[in-house]
Amino acid sequence: MNLVIEHLSKTYPNGTKALSDVNLRIEPGMFGLLGPNGAGKSSLMRTISTLQEADQGSIRLGDLDVLANPDRVRQVLGYLPQEFGVYPKVTAAELLDHFAVLKGISNKSERKQVVDGLLQQTNLYNVRNKNLGGYSGGMKQRFGIAQALLGNPRLIIVDEPTAGLDPTERNRFHNLLSEIGEDRIVILSTHIVSDVSDLCRQFAIINKGQVLYTGDPLLAIEEIRGQIWRRTIGKHELDSYQQQFAVISSRLFAGQTIIHVHSLAQPGNGFESVDPTLEDVYFARIHAAEQVATPQVVNG
Ligand SMILES: Nc1ncnc2c1ncn2[C@@H]1O[C@H](COP(=O)(O)OP(=O)(O)OP(=O)(O)O)[C@@H](O)[C@H]1O
């Protein structure tokens, strides 16, 4: 079953155009949605989750018209929102049981079986009788996945899940996601590029409400092979390099500034070719889109 989004647009009442003619085709497996803050990721996630309406366009999950049938979509959807609040004085087992009732699992012994299974799958079974207020960030996120998995949904949407997790918890969370993404659609919205390169076979880059790229991360990297160049420069030289070259990213390393430049040919002395990463793909696409949006003034 695929999720097909066509010509989806949304402008908020204050005039902000959050989604602009979005077209995406998402197959089972993990799909990464990458974009900077304010790109429109949450707006898209909320629209797919039927929590808000679009102005134009369509979303189909298999043969289900998502926008026209929000109730049916909610039966096959699991959603882990960006801000996932829990009741601090309730245990994981109690809250999950409560959510299971809301999902319509009315038989008590069936419910216990489902709840215990999910607590085991998310590695929370040993702490199931602990109040959620005492959970770490990573444990809360795993609890969020447990509740999203209730009812065995075909489509799972996870909004920026690893922000604030330490490396061990992040790793554990990644393993959990890739396990659940084996046989259903999992959409992972994030601004952390390595989350996508680690986990996803399909991804899209979204910026200012528009899809800049969609495809396979490995192919996207191959497409820019030979086009990414690195140079170490002085801190104060950045401006001048930005004027002359397509500087897609700059970072400090051991007190020096390292820039990556996107160029089809060797940009000049002192640049060396580097093996591109998904981060280079991401920054190159965002940089190119920004150039189109604000054309450089050319003298003469
Ligand atoms: N309810 C709303 N009313 C008005 N503007 C909104 C509303 N929700 C979001 N926006 C604006 O729409 C644009 C897209 O926001 P959205 O939250 O979808 O982006 P995002 O990619 O999820 O960003 P972040 O990573 O910061 O969560 C932003 O300019 C945001 O300020």
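Under an unreviewed UniProt entry, the name given to the protein is ABC transporter ATP-binding protein, and the organism recorded is Hymenobacter busanensis. Quoted verbatim from the Sequence similarities (unreviewed entry) heading of the UniProt record, the comment on the protein is "Belongs to the ABC transporter superfamily."

A few words now on the overall build of the protein. Of the regular secondary structure elements, the protein holds 10 helices and 14 strands. Summarising its shape, the C-alpha atoms of the protein cover approximately 75 × 45 × 35 Å along the three principal directions.

Below, the discussion takes up the environment of Lys-10. Tracing the backbone through its elements, the reader meets Lys-10 in strand 1 (residues 3-11). For Lys-10, a count of 22 C-beta atoms within 10 Å translates into the label buried. Leaving out residues up to four positions away in the same chain, Lys-10 has contacts with Ala-18, Leu-19, Ser-43, Thr-47, Ala-54 and Asp-55.

The next point concerns helix 1 (residues 41-48). Within helix 1, eight of the eight residues are buried, leaving the element largely enclosed by the surrounding structure. Taken as a whole, helix 1 has its buried residues at Lys-41, Ser-42, Ser-43, Leu-44, Met-45, Arg-46, Thr-47 and Ile-48.

Packing of helix 5 (residues 137-148) against helix 6 (residues 167-180) leaves a shortest axis separation of 9 Å and a crossing angle of 10°. The angle between helix 5 and helix 6 falls in the class roughly parallel. Residues Gly-137, Gly-138, Gln-141, Arg-142 and Ile-145 of helix 5 touch helix 6, and the partners they reach there are Glu-169, Arg-172, Phe-173 and Leu-176. Looking at the contact of helix 5 with helix 6, its residues break down into three nonpolar, three polar and three charged.

Turning our attention to the site of the ligand. Looking at the ligand, there are 13 residues lining it, with Tyr-12, Asn-37, Lys-41, Ser-42 and Ser-43 nearest. Of all the elements, helix 1 adds the most residues to the shell around the ligand, at three residues. Class assignment for the residues of the shell around the ligand results in three nonpolar, nine polar and one charged.

Mapping Ile-48 onto the fold places it in helix 1. Residues Ile-48 and Leu-119, 71 residues apart in the sequence, show an inter-C-alpha distance of 27 Å. Once residues within four sequence positions are removed from consideration, Ile-48 is found in contact with Ile-59, Val-66 and Ile-157.

What the domain assignment reports for the protein is domain 1 (3-215) and domain 2 (222-293). In this structure, domain 1 and domain 2 have C-alpha centres spaced 33 Å apart. With nine residues of domain 1 at the contact, the number on the domain 2 side is six residues. Among the elements of the structure, helix 7 (193-199), strand 9 (202-207) and strand 10 (210-215) are those that each provide at least two residues to the side of domain 1 that touches domain 2. Residue classes in the side of domain 1 that touches domain 2 are distributed as seven nonpolar, two polar and no charged.

With antiparallel pairing, four strands are arranged side by side in an open sheet as 2-1-4-5. The sheet is open, and its two borders are formed by strand 2 (17-26) and strand 5 (64-65), each paired with just one other strand. Across the sheet, helix 1 touches strand 1, strand 2 and strand 4 (56-61), and the angle it forms with strand 2 is around 60°.

Right, let's talk about helix 5 for a bit. Taking 1.5 Å of rise per residue, 12 residues should cover 16 Å, and helix 5 covers 17 Å from first to last C-alpha, within 8% of that figure. Among all positions in helix 5, only Gly-138, Met-139, Gln-141, Arg-142, Phe-143, Gly-144, Ile-145, Ala-146, Gln-147 and Ala-148 are buried.

All right, on to the nonpolar core then. Among the nonpolar cores identified, the biggest contains 72 residues, and Phe-31, Val-186, Ile-187 and Leu-188 are the most heavily contacted of them. Looking at which domains feed residues into this core, each of domain 1 (3-215) and domain 2 (222-293) supplies at least three. Contacts of Ile-187, omitting those with residues within four sequence positions, involve Ile-26, Phe-31, Leu-33, Met-45, Ile-157 and Val-158.

Turning our attention to the pairing of strand 4. Looking at chain direction, strand 1 and strand 4 are connected through five bridges and run antiparallel. When the bridges of strand 4 are listed, Ile-5 appears paired with Ile-59. Pairing analysis gives two bridges linking strand 4 to strand 5, with the strands arranged antiparallel. Looking across to strand 5, one finds that Leu-61 is bridged to Leu-64. Linking strand 4 back to strand 5 in an antiparallel pair, the connection comprises two residues, with Gly-62 at a positive phi of about 60°.

Rules used throughout
- Residue indices begin from 1 for each chain and proceed along its sequence in written order.
- Per-residue local features are limited, in this predicted model, to residues with pLDDT of at least 70; the limit for side-chain atom pairs, both in listing and counting, is 80 or more; totals at the level of whole chains, interfaces and linings are taken over all residues.
- UniProt positions are given in the numbering used here, feature names are shortened, and annotations may be inferred rather than shown by experiment.
- Only DSSP runs of H or I with at least four residues qualify as helices, and only runs of E with at least two residues qualify as strands; both kinds are numbered from the N terminus onward.
- Each residue is classed by its C-beta neighbour count within 10 Å, where at least 20 other C-beta atoms makes it buried, 12 or fewer makes it exposed, and intermediate counts make it partly exposed; the C-beta atoms are placed from backbone geometry.
- Contact criterion: two residues are in contact if their C-beta atoms, reconstructed from the backbone, are within 7 Å.
- Fitted lines through C-alpha atoms serve as axes, helices being fitted only where they are in contact, and the angles separating the N-to-C directions of these axes extend from 0 to 180 degrees.
- Each angle gets one of four labels, with under 35 degrees taken as roughly parallel, over 145 as roughly antiparallel, 65 to 115 as roughly perpendicular, and the rest as oblique.
- Three classes are used, and their members are as follows: Ala, Val, Leu, Ile, Met, Phe, Trp, Tyr, Cys and Pro are nonpolar, Asp, Glu, Lys and Arg are charged, and the others, Gly among them, are polar.
- By definition, a residue lies near a molecule or strand when the C-beta atom built from its backbone is within 6 Å of it.
- Marked domain ranges trace back to an automatic or database domain assignment.
- When DSSP finds at least two bridges between two strands, those strands are taken to pair.
- Expected helix span is computed as 1.5 Å times (number of residues minus one).
- The nonpolar core criterion groups buried Ala, Val, Leu, Ile, Met, Phe, Trp, Tyr and Cys residues into a set whenever they are joined through C-beta atoms within 7 Å.

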